[in-house]
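# Structural characterization, general
If you want the building blocks of each chain, they are given just below.
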Amino acid sequence: MRTKPLHDELARIDSIKDRNDVLREIAHLHSIGVTALFGFGSGIDDKNSTMTIANAVQGGLGMPDRDYYTKPDADMKDKREKYVAHVTKMLTLLGEPAAKAAEDARKIMALETKLAEASMTNVEQRDPDATYHRMGLAELKTLTPNFSWTAYLREVDAPAALQAVNVQQPKFFQAMNKQLTERFYMKPVSV
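Presented here is an overview of the structure given in this document.

## Focus on the nonpolar core
Counting residues in hydrophobic clusters, the biggest one holds 24 residues, and the most contacted among them are Phe 38, Phe 147, Trp 149, Tyr 152, Phe 173 and Met 176. The set of elements that each furnish at least two residues to this core consists of α2 (19-31), β2 (48-58), α6 (137-143), α7 (149-155), β4 (164-167) and α8 (170-183). Counting 10 residues, the second-largest nonpolar core is a separate cluster that includes Met 63, Tyr 83, Ala 101 and Ala 105.

## Examining helix α4 (residues 74-93)
Its 20 residues place the ends of α4 29 Å apart at the C-alpha level, agreeing with the 28 Å of an ideal helix rising 1.5 Å per residue. Its side-chain oxygen at 3.1 Å from the backbone nitrogen of Asp 75, Asp 73 defines the N-terminal cap of α4. Positioned one or two residues after α4, Gly 95 has a phi angle of 110°, which is positive.

## Some thoughts on the sheet that holds strand β3 (residues 134-136)
The 4 strands lie next to each other as β1-β2-β4-β3, forming an open sheet whose pairing is mixed. In this open sheet, the two strands that pair with only one neighbour each are β1 (38-45) and β3. Ignoring strand direction, the axes of neighbouring strands in this sheet form an average angle of 35°. Two elements, β2 and β4, share 3 bridges in a ladder whose sense is parallel. By the bridge assignment, Ala 56 is partnered in β4 with Val 167. Packed on one face of the sheet, α8 meets β1, β2, β3 and β4 and runs near 40° to β2.

## A word on the side chain of Asp 18
One can find Asp 18 in the loop between α1 (7-14) and α2. Exposure remark for Asp 18: the relative accessible area of 6% places this residue in the buried category. A polar contact is formed between the side chain of Asp 18 and the backbone nitrogen of Asn 20, at a distance of 3.1 Å. Within the local environment of Asp 18, its side chain forms a polar contact with the backbone nitrogen of Asp 21, the two atoms lying 2.9 Å apart.

## Quick notes on the packing of α1 against α2
In the contact formed by α1 and α2, the axes pass within 10 Å of each other and the chain directions differ by 160°. What the angle tells us is that α1 and α2 run roughly antiparallel. Between α1 and α2, the contacting residues are Glu 9, Arg 12 and Ile 13 on the first element and Arg 24, Glu 25, His 28 and Leu 29 on the second. Among the residues forming the contact of α1 with α2, the class breakdown is 2 nonpolar, 1 polar and 4 charged.

## Overview of the side chain of Asn 166
Structurally, the position occupied by Asn 166 is in strand β4. Using a relative accessible area of 2% as the deciding quantity, one classes Asn 166 as buried. Side chain to side chain, Asn 166 and Asn 55 meet in a polar contact 3.1 Å long. A distance of 3.2 Å separates the side chain of Asn 166 from the backbone oxygen of Thr 131, its partner in a polar contact. Beyond its immediate chain neighbours, meaning those up to four positions away, Asn 166 contacts Ile 53, Ala 54, Asn 55, Ala 56, Thr 131, Tyr 132, His 133 and Arg 134.

Cut-offs used in this document
- Residues numbered from 1 in each chain as written.
- Predicted model: local features only at pLDDT ≥ 70, side-chain atom pairs only at ≥ 80, totals over all residues.
- Heavy atoms only, no water.
- Core = buried A, V, L, I, M, F, W, Y, C linked by side-chain atoms within 4.5 Å.
- Buried < 20%, exposed > 50% of the residue type's maximum accessible area, 1.4 Å probe, protein only.
- Helix = DSSP H or I, 4+ residues; strand = E, 2+ residues; numbered from the N terminus.
- Expected span 1.5 Å × (residues − 1).
- Polar contact = N/O pair within 3.5 Å; in protein donor to acceptor, adjacent residues only side chain to side chain.
- Pairing = 2+ DSSP bridges.
- Axes fitted to C-alpha atoms, helices over the stretch in contact; angles between N-to-C directions.
- Contact = heavy atoms within 4.5 Å.
- Parallel < 35°, antiparallel > 145°, perpendicular 65-115°, else oblique.
- Nonpolar A, V, L, I, M, F, W, Y, C, P; charged D, E, K, R; others polar.

Here's what the structure looks like:
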């Protein structure tokens, strides 16, 4: 089987039962270098160059950027259809029945579209003031109450001294939070 090297990772994903499992899996994927749902790392603080700050950035899109999901022209509509067909094919290659793969591909497209709609454009991201939103952990919890940053930071082995994160695109993280609420109705997130 060609997917054998991915077997353990796919088994972890298949075992997801609730939002807490989703959050743990996101953290696990980030810890092995897979940027799932959003990006997280560190860099020089744009407002204090003597400091390093954690950065949370928009992500979660399989196509290059938000325009692929949001532009109404025929070319982008065609690309979206081809993307859904591609995701369907990838899921069938992983062993999903064709009908289930097609349904899941449509769900993936719907989720990514919601995230894209809340994402900043490439031009908007060039403005350093528009992408600087330093938040303490309490502010993060208020911004995204369905995502446990405490648990995430523990899972990715972030430094215990971490006190603030630059949330570069707060609107994206609010949309991510909403999608976690709407797509995972099961038990609420634990801290």
